[in-house]
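In case you want the letters, here they are:
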Amino acid sequence: MKCIQCSSRDTKVIESRDVNEGEAIRRRRSCPDCGFRFTTYERIERQQIIVIKNNSIRELFKRDKLLAGLYRACEKTPVTSLQLERLVADIEHQIYACNDQEVTTMLIGEMVMDRLAPLDEVAYVRFASVYRRFKDIASFERELLQIRERKVKSIA
Ligand SMILES: [Zn+2]
């Protein structure tokens, strides 16, 4: 694969990691000419997932859009980009496992929150506040209490 910085024809793979049980591979590449490093993903090509939005409009599932939202929620938290890639891959895997190529945004939101809660409380609350649009402080505090209870249970 060519270098996106200097267009050199050849780059070297310096690290390869499975992202989701072998369904995707993440590679760190380095250019021997200019030293530039970048990341590529290789994944199985599958049929597109259709997302049904709250206003019942259908659109194609865009993993980059979901990832962008997750990066925003995880800003200045210890959550790594590899963890987020795995989270999204895991969600895609689960949707495909249902054998139903249509899924509601609500279900995706729930799936994200289930997986984000054990990773980082701040990220979870940020994502939930955008997703659920807390009406007031009380509903926000209820949500926070629920994560704390879940955490206590998972430790016990
Ligand atoms: Zn280069």
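As a convention, each chain's residues are numbered from 1 in the sequence order in which they are written. Per-residue local features are limited, in this predicted model, to residues with pLDDT of at least 70; the limit for side-chain atom pairs, both in listing and counting, is 80 or more; totals at the level of whole chains, interfaces and linings are taken over all residues. Here the side-chain values reflect all heavy atoms present in the structure, with hydrogen atoms and water set aside.

## Focus on the coordination of the zinc ion
Phase 1 of the analysis: The protein atoms that coordinate the zinc ion are Cys 3 (SG), Cys 6 (SG), Cys 31 (SG) and Cys 34 (SG), at distances spanning 2.2 to 2.4 Å.
Phase 2 of the analysis: Metal donors: N, O and S atoms at distances within 2.8 Å, or within 3.2 Å for Na, K and Ca, with water omitted from the atom set so that some sites may seem incomplete. On the primary sequence, the residues serving as donors to the zinc ion are separated as C-x2-C-x24-C-x2-C.
Phase 3 of the analysis: Any residue under 20% of the maximum accessible area for its type is buried, any over 50% is exposed, and the rest in between are partly exposed; the area is computed with a 1.4 Å probe on protein chains only. Accessibility expressed as a relative area gives 0% for Cys 3, which makes it buried.
Phase 4 of the analysis: Here Cys 6 falls in the partly exposed class, since its relative accessible area comes to 36%.

## Looking at unusual backbone geometry
Phase 1 of the analysis: Within the chain, Ser 7 stands out as a residue other than glycine whose phi angle is a positive 65 degrees.
Phase 2 of the analysis: Only DSSP runs of H or I with at least four residues qualify as helices, and only runs of E with at least two residues qualify as strands; both kinds are numbered from the N terminus onward. Inspection of the secondary structure assignment puts Ser 7 in the segment before β1 (12–18).
Phase 3 of the analysis: Unlike most non-glycine residues, Ser 56 shows phi in positive territory, near 60 degrees.
Phase 4 of the analysis: Within the secondary structure, Ser 56 is located in the loop between β4 (50–52) and β5 (58–60).

## Here's the deal with the sheet that holds strand β3 (residues 37–43)
Pairing between sheet strands relies on hydrogen bonds along the backbone, with the strands arranged either parallel or antiparallel.
Phase 1 of the analysis: Strand pairing is assigned whenever DSSP identifies at least 2 bridges connecting the two strands. Pairing is antiparallel across the open sheet formed by three strands, whose spatial order is β1-β2-β3. The strands lining the two open edges of the sheet, one partner per strand, are β1 and β3. Each adjacent strand pair in this sheet contributes to an overall mean axis angle of 25 degrees, direction not counted.
Phase 2 of the analysis: One ladder, built from seven bridges, connects strand β2 (residues 24–30) with β3; its direction is antiparallel. Bridge assignment links Ser 30 to a residue of β3, and that residue is Arg 37. Fitting a line to C-alpha atoms yields each axis, with helices limited to the stretch in contact; the angle taken between N-to-C directions then spans 0 to 180 degrees.

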